[in-house]
Amino acid sequence: MRSLRTRLLLAFALLTTVTAAAVAGGMYVNARDVIVQQTQDAAVRTMTDRVSTARLQLPPSGDGLIGVLSDRDTSAKIVYNGQSFGDQNLRVSPELRAEVRTGRVAWQRVSGGGSIWLVVGMAPVNRATNRPYGVELYTQRRMDNEDQRVNQLATIAWGLGAASLVLAMTLAWLAARGVLRPVRDLDMAAHRLGLGDLTTRVPVRGTDELAGVARTFNVTASALEHQVGELRRFVADVSHELRTPLAAMTAVADILDEEAPNLPGDAGQAARLVSQETRNLTRLVDDLMEISRFDSGTAGLALDAVDLAAAITATLHTRGWLDMVETRLPPIVAPVDRRRLDVIVANLVGNALRHGAAPVSVTLDAFPGWVVITVSDNGKGLPAEVLPHVFDRFYKADTARSRSEGSGLGLAIAWENAHLHHGTLVAANRPDGGAVFTLRLPSGTTS
Amino acid sequence: MSRVLLIEDDEAVRDGLQLALTRQGHTVHAAGTGEQGLGRLPEADVVVLDLMLPGMDGFEVCRRIRAEGDLPIIMLTARDDDMDVVAGLEAGADDYVVKPVRARVLEARIRAVLRRGTTTDARPRPEGDDYRGLTIDRAGLVVSKNGRTIGLTPTELRLLLELSSSPGRVLSRQQLLEAVWEHGYLGDSRLVDACVQRLRAKIEDDPAGPLYIQTVRGFGYRFGPL
Amino acid sequence: MRILRSLMVVLAVSMTAACGIQASGVISGVQAPRVDLSPVRLFFVANRKLIAEERPTDHTLSLLETLALLAGGPAEPGLTTEVPADIGPSAESGTEITVSADVSKLSTVARSQIGCTLGPVVLTGQGQRVGPLECRLG
């Protein structure tokens, strides 16, 4: 795919070349033909004048007419009765002789010895009787001077062509740059927009079509930002509104739990079901609100110097998982948001215990600038088609299992929490089976 | 058991909490607005106060309750109101729970806060009760400064007792949260900060340059040294 | 794009091929000029020197014709001739002219006159033979 710049440069180059070739070429050809023509006409006229004013001496003797016809640049020859007089080296072609003998003045340009020669011939006619004398006169001169002049013209033509080509390319390059910069800006802005920065805008310069595109882009980005904002606000508002009825239901869920065994028949089951689902719904709404905060950029990070080993241990302890998980937690302190770390670790370990298989292990390591927490299990690992989507919202790996615990937002929230810390969370499969999730958080130190 | 004043405007939530708390043995008086609630203060041992109220808002109710006495207050908040939590603590709340809340959880908090105001520690202190003008009666749960009794909420009292029980020793927010608020590992350390601030306002000569409760940056708080 | 590319090739070729002055075929012009022959130069005598008298001709004269003109005598006043009027040229062959008169009787001046006019010819007449004649002007 050729770039815009290349196409523009090529187009200009082509245009210039064609134009320059046509113009310079045309002028050159014209000038050359004029020079040649004028030279020939002059030579013919000179010879004719000399012959006209001379008086033929037949048979031709010594210098005579030869001397008259010759000069510094011209040599002459006379053919009479089968005999040649004068310079024998004239390049008279049979065609020229034939034409001369028909009674017309004729000439021809002949190449030889690296030069072009102009040969002029005539067979003078008796003034009294109007009959040809039977004598042929020929002169020959080099056209070197003219050739040189013509070649100079050619050189100039080439030079002008080259110069205009350079000029054209420069102009094309400048024009391309003027066009390409806004195009590149637009490209980068569109890319940024696609990555999620809905505040991206493009500076509008000038009033041409590019400026129009830039303006359209800005308007569209604004609309997009607004729309997405509305959407997110709606989600947040919905989640918020759900809270109030949920609060009432949650408040009495415990009552249902306590009374369930005492209820007759299905009523007890129904009560437990309602209680459980209220809990689930509450968790879902909480997760939705959490996600909303990430999306709207209002999620706050409350950093504290935390003993990570103690924090992870506490997380496992509160959920009763300490016995089920192997740990390797050296004492490391790093600035993290205690609550958010708990959310991440709880989600990862919970997933490992539920969807992976024992033994589940949690390790903690420190590197220059980073602390790394890994949660790994020995289950079947993550299928290849699942791996790139595992952090997507509401993505459930096992679609056959339509209902698992959790809202489907757990890993997405864990990922957002990691990123809020300016850290990373990645999922992979271990070489010897099982999945491993690696959380990296900045440790605030360089050692 | 105890008498709980529940100020919550949403009827369903109000009914639900009233139902659950009553089952646990508490006597619950419910009010739908701040004004109604304030009228029933004398009937309560503890107030459960929703911050989002029509008319007089929760913060104002909180301040009014504080102005009249040291009744323990537990705030009901929505999770995304971070600023509201801080504002509520500054207005004088002892603790807060996030809606939706399970009755069990709220009930635990109510009991904890009531405990704060009643548990006594009758062990005699080797250093005595007097700390440069500040007298702390651990048995009678009375604090006085230069002879004048200072009114503290149960939480403030408990915090002071905790800090002064090991003077000169730094206690982390975590430790204080567990000791005073009985919160688990994930308690909100802002509770400690807000309470310390209120305490200083009451007992320090110069709250900006505290003598009794000193901040040890990065570690926590310390009582003294004097 | 294809059209443009072939156009460029054509241009390039034509530009390089047609440079400089090229040879050509025969070019014709007007009719050949009309020219007079050089007049014949007959040498006569004046003041003991040979002077040429020019007579225009319309064709190339043969030796016989030239000799006959010479024998006819000068037209310009003041010129004399020693070439006898009855020299009687009769035949020529190459540079040999056969006359009817006795060539041995020709004077030196006459011989010079003939020599200057006709070139180094050989005269034969009445069994006598003179020549090749030389041209002495004075």
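Owing to the predicted nature of the structure, the values given are computational and were not obtained by experimental measurement. Position numbers for residues count from 1 along each chain, tracking the sequence in the order it is written. Here the convention is simple: chains get letters from A, ligands get numbers from 1, in the order in which they are written. Totals for whole chains, interfaces and linings use all residues, but because this is a predicted model, local features are given only for residues with pLDDT of at least 70 and pairs of side-chain atoms are given and counted only at 80 or more. Side-chain measures here rest on the full set of heavy atoms in the structure, leaving out hydrogens and waters.

(A) The environment of A:Gly434, seen in detail. All names here are of chain A. Structurally, Gly434 can be placed in the loop between strand S12 (424-429) and strand S13 (435-442). Placed 78 residues apart in sequence, Gly434 and Gly356 show a C-alpha to C-alpha distance of 7.0 Å. For Gly434, the residues in contact, after removing those within four places along its chain, are Asp377, Asn378, Gly379, Lys380, Gly381, Ala428 and Asn429. Secondary structure elements follow DSSP: runs of H or I no shorter than four residues count as helices, runs of E no shorter than two count as strands, and numbering proceeds from the N terminus. Note on contacts: a residue pair is in contact if any heavy atoms of the two residues lie within 4.5 Å.

(B) Just the state of the cysteines, in detail. Residue and element names in this part refer to chain C. Disulfides are defined as pairs of cysteine sulfur atoms found within 2.5 Å of each other. Counted under the stated rule, the structure contains 1 disulfide over all chains. Note on cysteine connectivity: Cys116 is disulfide-linked to Cys135, with sulfurs 1.6 Å apart. The chirality of the disulfide connecting Cys116 with Cys135 is right-handed, given an S-S dihedral of about 95 degrees. Taken as a pair, Cys116 in helix H3 (residues 108-118) and Cys135 in the segment after strand S8 (128-130) lie far apart in primary sequence, 19 residues in all.

(C) Focus on unusual backbone geometry. Cis geometry marks the peptide bond from A:Ala358 to A:Pro359; its omega dihedral reads -5 degrees. Summarising the element assignment, A:Pro359 is placed in the loop between helix H8 (338-355) and strand S10 (360-367). Even without being a glycine, C:Arg48 presents a positive backbone phi close to 60 degrees. Within the element layout of this structure, C:Arg48 appears in the loop between strand S3 (40-46) and strand S4 (49-55). Residue C:Arg48 is classed as exposed on the basis of its relative accessible area, which comes to 79%. Burial classes follow relative accessibility: with a 1.4 Å probe on protein chains only, a residue under 20% of its type's maximum area counts as buried, one over 50% as exposed, and anything between as partly exposed.

(D) Examining the interface of chain A and chain C more closely. Counting residues at the interface gives 47 residues for chain A and 31 residues for chain C. Salt bridges, as used here, are contacts in which a Lys or Arg side-chain nitrogen is within 4 Å of a carboxyl oxygen on Asp or Glu. At the junction of chain A with chain C, the criterion picks out 1 salt bridge. Its salt-bridge partner being A:Arg127, residue C:Asp36 comes within 3.1 Å of it at the nearest N-O pair. For this analysis, a polar contact is any N or O atom pair within 3.5 Å, provided that within protein one partner can donate a hydrogen and the other can accept it, and provided that sequence-adjacent residues contribute only side-chain to side-chain pairs. At the boundary of chain A with chain C, the tally comes to 19 residue pairs in polar contact (both at pLDDT 80 or more). Sorting the residues of the side of chain A that touches chain C by element identifies helix H1 (4-53), helix H3 (94-101), strand S3 (104-112), strand S4 (115-122), strand S5 (125-126) and helix H4 (144-195) of chain A as the ones contributing at least two each. Broken down by element, the residue count for the side of chain A that touches chain C peaks at 11 residues, all from H1(A).

(E) Fine view of the pattern of salt bridges. Applying the stated rule across the entire model yields 48 salt bridges over all chains. Of the charged contacts in the structure, one is a salt bridge between B:Asp205 and B:Lys145, with a shortest N-O distance of 2.7 Å. Residue B:Asp205 is located in the loop between helix H8 (189-203) and strand S11 (213-216), and its partner B:Lys145 is located in strand S8 (residues 142-145); the two are separated by 60 residues in the primary sequence. The exposed category is assigned to B:Asp205, whose relative accessible area is 62%. Among the residues examined, B:Lys145 registers a relative accessible area of 9% and is labelled buried. Among the charged side chains, a network of salt bridges with common partners joins A:Glu290, A:Arg293, A:Asp337, A:Arg339 and A:Arg340.

(F) Inspection of the pairing of strand S7 (residues 122-125) of chain C at higher detail. Residue and element names in this part refer to chain C. Where burial is concerned, the two faces of S7 agree: the one with Val122 and Thr124 and the one with Leu123 and Gly125 are both buried. Paired strands, in this sense, are two strands between which DSSP finds at least two bridges. The pairing of strand S6 (residues 96-99) with S7 spans 4 bridges and is parallel. Bridging across to S7, Thr98 finds its partner in Thr124. Taken together, S6, H3 and S7 form a β-α-β motif whose crossover is right-handed. As paired strands, S7 and S8 are joined by 3 bridges and run antiparallel to one another. Paired with Leu123 across the bridge in S8 is Val130. In sequence, S7 turns back onto S8 through a hairpin of 2 residues, with Gln126 there showing a positive phi of about 50 degrees. Orient the strands so they point away from the viewer; a crossover is then right-handed if the path from the first strand over the helix to the second runs clockwise.

(G) Expanded view of the nonpolar core. Counting residues in each nonpolar core, the largest one holds 51 residues, and the members touching the most others are B:Val47, B:Leu160 and B:Ile213. A total of 7 residues in this core trace back to one element, the largest contributor, which is H8(B). Start and end points for every domain follow an automatic or database-based domain assignment. When residues of this core are sorted by domain, at least three fall in each of domain 1 (3-115) and domain 2 (129-223) of chain B. For B:Ile213, the residues in contact, after removing those within four places along its chain, are B:Leu160, B:Leu163, B:Val196, B:Leu199, B:Arg200, B:Ile203, B:Glu204, B:Tyr221 and B:Arg222. Grouping buried Ala, Val, Leu, Ile, Met, Phe, Trp, Tyr and Cys residues that are joined through side-chain atoms within 4.5 Å yields what is termed a nonpolar core. In terms of nonpolar packing, the next biggest core, distinct from the first, is built from 36 residues, A:Val306, A:Ala352, A:Val371 and A:Phe437 among them.

(H) Quick peek at the packing of aromatic side chains. Residues and elements named next belong to chain A. What counts as a ring pair is set by centres within 6.5 Å for rings of Phe, Tyr and Trp (its six-membered ring), and what kind of pair is set by the plane angle: stacked under 30 degrees, edge-to-face over 60, tilted for all other angles. If you walk through the whole model with that rule in mind, you get 2 aromatic pairs over all chains. Judged by centre distance (6.1 Å) and plane angle (85 degrees), the rings of Phe391 and Phe437 are edge-to-face. Of this pair, Phe391 sits in the loop between strand S11 (370-376) and helix H9 (410-420) while Phe437 sits in strand S13; the two residues are 46 residues apart in sequence, bridging distant segments of the chain.

(I) Structural detail: a nonpolar patch on the surface. Residues and elements named next belong to chain A. Like-charged residues are merged into a patch within 9 Å and nonpolar side chains (Val, Leu, Ile, Met, Phe, Trp, Tyr) within 5 Å, provided each residue has over 30% relative accessible area and no salt bridge. Residue burial considers only the protein chains on display, and all accessible areas are found by Shrake-Rupley using a 1.4 Å probe. Taken together, the side chains of Phe12, Leu167, Leu171, Trp173 and Leu174 define a hydrophobic patch exposed on the protein surface, amounting to about 460 Å² of accessible area. It is H4 that provides the largest number of residues to the nonpolar patch, a total of 4 residues. Assessed through its relative accessible area of 38%, Trp173 is described here as partly exposed.

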